[in-house]
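# Close look at the chain arrangement
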Amino acid sequence: LLQHHGGAQVDIYEKLLVPFGLVRFGVAPDHPEVKNVINAFTQTARSERCAYYGNVTVGRDVTVAELQQAYHAVVLSYGAEGSRVLGIPGENLSGVYSAREFVGWYNGLPENQDLKPDLSCETAVVLGHGNVALDVARILLSPLQLLRKTDITDCSLAALACSKVKRVWLVGRRGPLQVAFTIKELREMINLPGTRPVLNPADFTGLENAVKDAPRPRKRLTELMIKTALEKPGERKMEGQAAAPREWGLKFQRSPQAVLPTADGKRARGIRMALTHLEGSGDTAKAVPTGDMEELECGLVLSSIGYQILPLDPAVPFDTQRGIIPNSSGRVEGVPGLYCSGWVKRGPTGVIITTMNDSFDTAQSVLEDLQVGVLDVSSPREGFGAVGSLLQSRGVHPVSFSDWEKIDAAEVARGKAAGKPREKIVDPQEMLQLLGH
Amino acid sequence: FANLSYSSADQVTVHFINRDGERLTATAKEGESLLQVVVNQNLAIDGFGACEGTLACSTCHLIFEKDTFQNLGAISDEELDMLDLAYGLTETSRLGCQVCVKKSMDGVTVRVPMDVSDIRKQLEVGKQSKQ
């Protein structure tokens, strides 16, 4: 918007004190290159016509209606805060967490700092075959000396140092041709030092043929799994592979039916799964239970079956069936002047490039509407002039981008001593104290 | 007169066809990656090079002419892995951050691929013009 419209002023409102969302709280600590995009964001935020207001919860501190009065256009890009629920018995036992909470925990998201995940068991089960599932498996099994040099929180590093987990099963309802993770992440997992992949060759019979004419990405991904499954343990050239203390594996066509409790009924001790067969093929294949069951012993269950968008404000229409804000090219249906971008617009899937391009699409809609007069800018709107007074009267103190830069500098300085890119501050109160608020 | 220190033999001209069809011409130094060219010359290509050349995204995806493509250096598994996620992948696609400018590339033209939203808009415009 700033680049293509010389007069636009863009204000960003964020619930947390700090900006960047999933780039800070979702991307794994051992993927620092993915976070390089923060530099582009920072440049944008420092623009004179851009202002950042952290610590403001839209829907509570200020309503969408109030924002619409104060601004010519409002764009919602608040993502997907919730996790899809399994909906099975035992889901609330101790030892069962959503991958989102677990990721939030090791990435320093304030609301997940008290998670205290139970890492005292040998076997963990991750439900799901996406990149987030691989992330949590990798963080559980990574050698400590590698994690130590990342921006993983100190607290979670200490917990992982005491972890007894040595085996992680990634369980999915469908087959190898339906895995949602991507090849770079799979390759990383296969090459994870000190671990050995356990893939059952029987799961891959006939697949070489099935992907012969598939699009290149699916073909290469499947071929990598096949190659890994057919390798003999001694073949791996990695150090210490034969005597690898830790292992991970993929289990297919298993649908979780219940988390089984320990004798005292309090903690997870295993998971019961229905074996499935596939109807249809490719992306639309459906997993149908065969009637046979299987039990897998484990003390830690991480559910990685997808994120969920939560409704924000009664003034914003929400399509409960599709779980998104109903829109057309980012224009919210039935609400002129209201737009949406990112996961709230398309659903919670895709990598940074997908969401980035999607945002450009919404920005294009806003620019078009400005150009043809659908957005009437003939009379000025007050912008933060109006919102700021409302917030003040409600006792809300926004945090500015330069405030964030102070926090950023403090985190980097603290990290230096420990050889980490930063030591994240996980307590919002501590952040506010640092700023002298 | 800082440019006097570079011989003109080091300068290579590269043309970029942007998503909207506009032709952007840049002067590159031999050995620079095409991502560096875009960044150093401040070319107006939205969202190009988000991960800053670390093979962690596919936003510097470029499409080459067949003969230019065939003369480029070998492609690594890591580059293929990221290209696999690129929208509009072609047989002559590469990531700009992995392709370094050579003298033999003087005058070459590369195309910035359209993304999903571009295709959607094209379809919408197509539909409207048929009404």
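Residues numbered from 1 in each chain as written. Chains lettered and ligands numbered in written order. Predicted model: local features only at pLDDT ≥ 70, side-chain atom pairs only at ≥ 80, totals over all residues. Heavy atoms only, no water.

### Describing the sheet that holds strand E12 (residues 286-297) of chain A
Residues and elements named next belong to chain A. We apply this condition: Pairing between strands is defined by DSSP: at least two bridges between them are needed. Secondary structure elements are taken from DSSP: a helix is a run of H or I of four residues or more, a strand is a run of E of two residues or more, and numbering for both begins at the N terminus. Under this scheme, a helix contributes an axis fitted over its contacting stretch, all axes are lines through C-alpha atoms, and angles between N-to-C directions fall in the 0 to 180 degree range.
Strand order in the open sheet formed by three strands is E10-E11-E12, with antiparallel pairing between adjacent strands. What marks the edges here is a single partner per strand, and that holds for strand E10 (254-261) and E12. With direction set aside, neighbouring strand axes in the sheet form an average angle of 20°. In terms of strand pairing, strand E11 (residues 268-279) meets E12 through nine bridges, oriented antiparallel. Directly across from Glu279, in E12, lies its bridge partner Lys286.

### Considerations on unusual backbone geometry
Test applied: Think of it in three bands: residues with accessible area under 20% of the maximum for their type are buried, residues over 50% are exposed, and the middle band is partly exposed, with areas taken using a 1.4 Å probe on protein chains only.
One non-glycine residue, Gln253(A), adopts positive backbone phi at about 50°. Judged by its relative accessible area of 26%, Gln253(A) falls in the partly exposed class. In this structure, Asn42(B) is a non-glycine residue whose phi angle is positive, near 55°. With respect to the element layout, Asn42(B) can be found in the loop between helix H1 (34-40) and strand E3 (61-63). Judged by relative accessible area, which is 67%, Asn42(B) ranks as exposed.

### Things to note about the packing of aromatic side chains
Aromatic rings in a pair are described by how distant their centres are and how their planes are angled relative to each other. All names here are of chain A. Applicable threshold: When the centres of two rings from Phe, Tyr and Trp lie within 6.5 Å, Trp using its six-membered ring, the rings pair. Their planes under 30 degrees apart give stacked, over 60 give edge-to-face, and anything left gives tilted.
Scanning all chains against the criterion turns up eleven aromatic pairs over all chains. Between the aromatic rings of Phe204 and Phe252, the centroid separation amounts to 5.8 Å while the plane-to-plane angle is 90°, which identifies the pairing as edge-to-face. You can see Phe204 sitting in the loop between strand E8 (195-198) and helix H9 (207-210) and its partner Phe252 sitting in the loop between strand E9 (246-251) and E10, a full 48 residues away along the chain. Of the residues examined, Phe204 reaches a relative accessible area of 6% and is grouped as buried.

### Section: the interface of chain B and chain A
Interfaces are often described in size by the accessible area the parts lose on coming together. So the rule is basically this: When checking whether two residues touch, look at their non-hydrogen atoms; a contact exists if any pair is within 4.5 Å. The quantity reported as buried area is the accessible area (1.4 Å probe) lost by two parts once they are put together, taken as the sum for both. By convention in these notes, a salt bridge is any Lys or Arg side-chain nitrogen within 4 Å of a carboxyl oxygen on Asp or Glu. Under the rule applied, a polar contact is a pair of N or O atoms within 3.5 Å (in protein, one hydrogen donor and one hydrogen acceptor; residues adjacent in sequence only if both atoms are side-chain atoms).
Counting residues at the interface gives 23 residues for chain B, matched by 22 residues for chain A. Roughly 2100 Å² of surface becomes buried between chain B and chain A when both sides are summed, with 51% attributable to carbon and sulfur atoms. Viewed at the interface, chain A and chain B are joined by six salt bridges. In this structure, Asp81(B) engages Arg187(A) in a salt bridge whose closest nitrogen and oxygen atoms are separated by 2.7 Å. If you look at where chain B meets chain A, you find nine residue pairs in polar contact (both at pLDDT 80 or more). In terms of residue count, helix H3 (residues 77-83) of chain B provides more of the side of chain B that touches chain A than any other element does, five residues in total.

### Concerning the domain arrangement of chain A
Residues and elements named next belong to chain A. Formally: Boundaries of every domain are those given by an automatic assignment or by a domain database.
In terms of domain boundaries, chain A breaks down into domain 1 (10-81 + 308-435) and domain 2 (82-307). The C-alpha-based centres of domain 1 and domain 2 are spaced at 31 Å. The interface of domain 1 with domain 2 comprises 26 residues on the first partner and 25 residues on the second. Contact between domain 1 and domain 2 buries roughly 2200 Å² in total, counting both sides, with carbon and sulfur atoms accounting for 53%. When the area that domain 1 buries against domain 2 is broken down by residue, the three leading residues are Phe25, Pro29 and Gln308, summing to 26%. On the surface where domain 1 and domain 2 come into contact, there are two salt bridges.

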